[in-house]
Structures are given as C-alpha cells and as structure tokens.
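A structural walkthrough
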Amino acid sequence: MLKRLISLFLLCYLPASFAYLEIEITQGVDSAIPVAVVPFAGTESLPKDLNVSDIIQNDLRRSGEFKIFSEKDMAQKPSDSNEVEFAYWRNLSQEALVIGEVLPMAGNRYQVKFSLYDLFTQAGTANPSPILVREFVIDAKQLRHLAHHISDLIYEKLTGFPGAFSTRIAYVALSWNNGKPGQYRLDVADADGFNPQTILRSNEPIMSPTWSPDGKQLAYVSFEKHRAQIYIADVATGQRKLVSSAPGINGAPAFSPDGRKLALVLSHANVPKIFILDLSNDKLTQVTQGSSIDTEPFWLDANHLIFTSNRSGQPQIYKVNLNNKKVDRMTFTGEYNARASVTPNGEYMVMIHGNKGRYHIAAQNLRNNHILILTQTSMDESPSLAPNGRMIIYGTVNKNKRVLSAVSIDGRVKLLIPTQEGDVQEPAWSPKLM
Amino acid sequence: MKLNTWVKLTTLAIAAVAMVGCSKPKDDENNVSVDDESSISGAGSYSSFTGGEMTAEEAETLRQQRVFYFAYDSSTLPPEDLRAIEAHAYYLVHHPNARVRVEGHTDSRGSREYNIALGERRAQAVARVLYLAGVENHQVAVVSYGAEKPAVQGMNEEAWRYNRRAEIVYEAE
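Residues numbered from 1 in each chain as written. Chains lettered and ligands numbered in written order. Predicted model: local features only at pLDDT ≥ 70, side-chain atom pairs only at ≥ 80, totals over all residues.

Let us look at the overall build of chain A. What chain A contains, in helices and strands, is three helices and 31 strands. Computed over C-alpha atoms, the radius of gyration of chain A comes to 23 Å, within 12% of the 22 Å expected from 2.2 N^0.38 for 434 residues, which places it in the range of a compact globule. C-alpha atoms of chain A, sized along the principal axes, occupy 70 × 50 × 45 Å. Burial status across chain A gives 48% buried among its 434 residues. For chain A, long-range pairs separated by at least 24 residues make up 44% of all intrachain contacts whose partners lie at least 6 apart in sequence. (Helix = DSSP H or I, 4+ residues; strand = E, 2+ residues; numbered from the N terminus. Rg over C-alpha atoms; globule rule 2.2 N^0.38 Å. Buried ≥ 20, exposed ≤ 12 C-beta atoms within 10 Å, placed from the backbone. Contact = placed C-beta atoms within 7 Å.)

Take a look at the structure:
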C-alpha cells in the first residue's frame, strides 16, 4: 500500500493560544488522480495565507484523492489558455490541469479567474477546451473562502461528488493542569484547520457540539452550572440561548433537517430517552419508551431517527418512525455499535464499532448490511461525516493524547491532525457553508 | 449539633479515616460485571444494612469517603461502600438544608453519549441508597459527566480504574 507522510504546516503564524493544526496524510489512494495546479498569476504578491492556488493545492491534496504535481518541477507556469502547451503536461502524466490568475482591483478587491482542463478523457485532442471556467470579483478578506469554493468546484468536476472544502469543524479542546482537567473550549476552525475561533471556555466539561442545517448555529452541552444544559449558539457572534435544563441528562442534541426541531436525550424518569423539542414553541414530545438507555439521535429524514439503545442488552443502532413510533434494529454485527450517522445518499451508516474493549470507526453498507472497519486504532469516538459523505472526521488517541483524525468512507485515505498540547476531541463537521 | 463531637477524635483515627477516603478502586477481576437488570436488583441488598445503628461519630468518620469506584461496565456498588453512603445519608437527614450532587463518571472508552447514560446509572446507584435511608429528593442532584471529567489522566487500565466512579459533592453542608 502506498504510504505517504506529508506535513502541511498551514498555520504557523497563529496566536500561541490556539493549537496550530498540522495535517498529515498518513495513507493516500493508490489511484490518486495526478493534477497540476499551476501557481495563479498575481499570487506572488499576496500574503501566504491568501495564496489562492496554494490553498487549492492543499485542499485537493488533503482529500487524498489527488496527487498534486510539485510546483518546483514545473518548467512552464501558464496562467492563460493561450500559454498552455498541453503536450508538456501530458508528458508529465498529468490527468488534469488548473490555471488561473488573481488581479488586484480598486477598493481592496480582486478578480479571480481559473480554468480546469481534463487531459485524460480528452487525450486525443491536441488543444482541449477547459471543462470548467469561472470568474469571480471579491473582497480581499474572501480570498481564502473563494479558494475553498474553487476546490469544491474542481473536486466535483473530477470526482462526481460535491466538494466539502467550504466547511468548518467544531471540536472540544481540553487543557490539563497537573494531571487534572483544566480548561474546556468549544472551538470552530475552517476544515483545513485555519482560523480556529473559541465559542465557549469553561472549567467544566463541554460536549456534543452539533450544527444547524444552515451552518449558522451550534447546539452543545455545557456543565458550567454543574448540571448538563443544552445551549444553541450563533456561530458568528457566540451569542447563545439556553434550550434545555431538566434534572438529569440533557444531551446529544441533533437539529432536524429543517432546523426547526431539536432531538435530544432527557432522563426525566431516571432513564435516558429520546425527545423532540419544537424550537418555535418549546413543546416537548417523547419519542422512545421503556427502561432501556436510548441516546444519540440522528435524523435520517424529517420522519425517521436512528439512535443507540441497549434494549437488547448491549448498545446497538435502531431506527424509529416518528409517525407510528415503530422501532427497527439496524445493526447485528459486533457487540457494541453506537453514535451512528448516515451518508447523504443513504448508502452507508457510520458508527463506533466495539469488540472486546476496542472501539473503531466502521461503515455499514445499508444495502447488504456488510460492515467495513475503517480504523485500526482502538479508542476511536465521535465519527462525523463530511456533508458530501466522502470523509469522516473522528476523535482518536495518538501518543497518549486525544487528537482528531479523518478517514475516507472506503477506508483508503487517512489523515491525522496532531495537536501541540492538550486533548482535542468530539469533532463535528459543518454543513456546506458556501 | 451532636455531630460536632467528632472533632475530638484522635489523630490516629483521622489518619485511618484518610486512608478510607483514599481507598483504591478494586481490581476488575474482583468484581463481577453485571448487566442492567442485576444492577437494579443489587440495590436490594442495601436493606440488610438499614437495621444497622450508626452514631454521629461513626457517620462523620465514614462520611470522609466521597468517591466510590465501580468495575468495568458495572453500576453495582461494592457492598463495603454502602456504610459510607449511609453515613452521608445520616448527615443529610440530620441537616435538612444540606444538599449534595452525586456525580457519575466512566472511563474514556466507547461513545461519549452512551457513557453519559452509564455514568448516570452509577450516580443513581449511590442516590438510591441515600433515598432509601430517608434523604429527601430535593437534597440530591444526580449529574452524569460520563467520560468528560476524568479524575486521572491517562489511557491505560490504571487510569480507567480510578475514573470509573461516583462522587458525592456537597453543594451546601
């Protein structure tokens, strides 16, 4: 198997208070598509963190699905279609070529153009036309997000799947103080680890961050009052509202697909059950009944939830129909299956899969219920799917610290995101933000 | 209050108390792991202790133990811990304004949310002993932290043993 170790020091200049995130591709795909992203004309005068073509290269490389041709080895650096000598790139076995330019305009604005060429399927054409051409006019501060958007467009054109680069990751960071938990933080960073921002700091645990479908709000659980309470925060401002503070458990919030309801876990009657809170009128409806532990609701669609329950003895995944409350068991393989979510196309269910005290991330093919164990590490937790269903970010342990890691839905691509200090845990991948 | 006589205890007795308070969690192999149903029936064995007399001094001594450890995947209290929890009950019954938070904790393996549920069972096992001994509901808050607030840092059996616990924390004494 092809093993690569590429360190991308993306964020070296960040303030010291933020963990700087470095992403290592620990395993890539043998069949990664060779792509040349020529440095865009005009980027040499931009600050490094706004270098559009650099950001695109890093995005595509980080997906594990592309092999990015080294800039240093480029004898030609065209930025206009007239300058492209296709034979040169074909001789280098490149299957796709990206060229572009960034032109400064008045008022700290920029015009950004790019073209994508397919050299593989159009191998017989001497001078192929670009398969994608786009032009944007934006503010300087939008350059980074525009680069991610361009990466999304290129990714979709070349793989057939929407990109997930215009996204963010929420996670909980924990610093230790003389062997005891010190400070907990709820942070949100761009999906490439850039620009981490703290939404909440507390000396008591924070857990269960989850995004609203529009990516504008985060629900989370905070123990700051020495009780579990669920808040919904506006991501942009951090302003928040207390939505659940019942005696016992207030946990595992999950927004409905329309964002109007919140599934959550309450233990009113001394046993955790799943409820739905209507956010418009605070009306609470109990979904599951009985004496078993029911937790970790995930919305399959407006009318179905999947959840973890120990009603058969050990935790397994079940599906409940919200209209008739009928419950069906979903998992039959393994002694411990928990925290399930399903890809947008409904093909795979991703979950924590445990056997004999070892907990891995696994994907269950929902057509044949075959389970593929995606990770070899044994303390994996909180799998969270990218909005395109192609990657899963999750928490694991590396060198005795909790870190984030990512794996592709087929297990072929693996990324590690080591941290400098403390633990980083419970990642939640945002919906597409652009 | 009658209970304040405990301060006259000899330093030797206090040393003994300190040792009780720091008692180590039992090894896994010494505790039988049980399923949910038997953990509920486990609270029934408490009734054999309810007839026991407890003096204020004894209660105050036993009350120094505020952490109770559990076997892997179990919410059954070791029988030898019941007297100490009963001592907290004694105090709470005699101090109607006192309030405790019973915290349930798990080790860090598995699903965080599921661990919240398991931690709650541990806290409930302790709270149940308090209620049975006559403590009022409003004096006790059951809070599960799951794996989120470990007592000991580490990713090994030793750390996990100290983290599978329930703690009685006085919010008003």
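Here A:Ala126 shows up in the loop between strand 6 (109-118) and strand 7 (132-139). As a C-alpha pair, A:Ala126 and A:Ala87 span 39 residues in sequence and 7.7 Å in three-dimensional space.

Residue and element names in this part refer to chain B. It is at 9 Å that the axes of helix 5 (residues 82-94) and helix 6 (residues 112-132) come closest, and there the two elements cross at 55 degrees. The orientation of helix 5 relative to helix 6 falls into the category oblique. For the element pair helix 5 and helix 6, the recorded crossing hand is right-handed. Residues Leu82, Ile85, Glu86, His88, Ala89 and Leu92 of helix 5 form the contact with helix 6, whose own contacting residues are Val126, Val129 and Leu130. Of the residues in the contact of helix 5 with helix 6, the class split is seven nonpolar, one polar and one charged. (Axes fitted to C-alpha atoms, helices over the stretch in contact; angles between N-to-C directions. Parallel < 35°, antiparallel > 145°, perpendicular 65-115°, else oblique. Left-handed = near helix turned anticlockwise from the far one by under 90°. Nonpolar A, V, L, I, M, F, W, Y, C, P; charged D, E, K, R; others polar.)

In this section: the sheet that holds strand 14 (residues 240-244) of chain A. Residues and elements named next belong to chain A. If you walk across this open sheet you meet the four strands as 11-12-13-14, and the pairing is antiparallel. The sheet terminates laterally at strand 11 (206-211) and strand 14, the two strands that pair on one side only. Taken pair by pair, the neighbouring strands of this sheet meet at an average axis angle of 25 degrees, ignoring direction. Across six bridges, strand 12 (residues 217-222) lies against strand 13 (residues 229-234) in antiparallel orientation. Of the residues in strand 13, the one forming a bridge with Tyr220 is Tyr231. (Pairing = 2+ DSSP bridges.)

Below, the discussion takes up the confidence of the model for chain A. The predicted model of chain A has a mean per-residue pLDDT of 92, with 95% of residues at 70 or higher. Low pLDDT, under 50, characterises residues 1-20 of chain A; the predicted model gives this stretch 36 contacts beyond four residues in sequence or across chains. (pLDDT = per-residue confidence, 0-100.)

We now examine the environment of A:Leu284. All names here are of chain A. Within the secondary structure layout, Leu284 lies in strand 18 (residues 284-286). Leu284 sits in the partly exposed class, given 15 other C-beta atoms within 10 Å. In sequence terms Leu284 and Leu262 are 22 residues apart; their C-alpha atoms lie 9.6 Å from each other. Contacts of Leu284, omitting those with residues within four sequence positions, involve Phe275 and Leu277.

All names here are of chain A. Along strand 25 (residues 358-365), six of the eight residues are buried, which leaves the element largely enclosed by surrounding structure. Taken together, strand 24 (residues 348-355) and the strand that follows it, strand 25, pair antiparallel across an intervening segment of two residues, in which Lys356 is found at a positive phi of about 50 degrees. Here three bridges tie strand 25 to strand 26 (residues 371-373), and the two strands are oriented antiparallel to one another. Looking across to strand 26, one finds that Gln364 is bridged to Ile371.

Another point: the interface of chain A and chain B. With 37 residues of chain A in contact, the opposing surface of chain B contributes 24 residues. Counting only elements with at least two residues in the side of chain A that touches chain B, the list comes to strand 11, strand 15 (250-255), strand 19 (294-301), strand 23 (336-342), strand 24 and strand 27 (381-385) of chain A. Considering every element that reaches the side of chain A that touches chain B, the biggest residue donor is strand 23 of chain A, with three residues. A per-class count over the side of chain A that touches chain B returns 17 nonpolar, 15 polar and five charged.

All names here are of chain A. Pairing is mixed across the open sheet formed by five strands, whose spatial order is 4-3-5-6-7. Whereas interior strands pair on both sides, the edge strands pair on one side only; in this sheet they are strand 4 (66-68) and strand 7. Neighbour to neighbour, the strand axes of the sheet diverge by 25 degrees on average, direction disregarded. Strand direction decides the pairing type here: strand 3 (residues 33-37) and strand 5 (residues 96-105), joined by three bridges, are parallel. By the bridge assignment, Val35 is partnered in strand 5 with Ala96. Helix 3 (residues 143-159) contacts strand 3, strand 5, strand 6 and strand 7 of the sheet and is inclined by roughly 165 degrees relative to strand 7.

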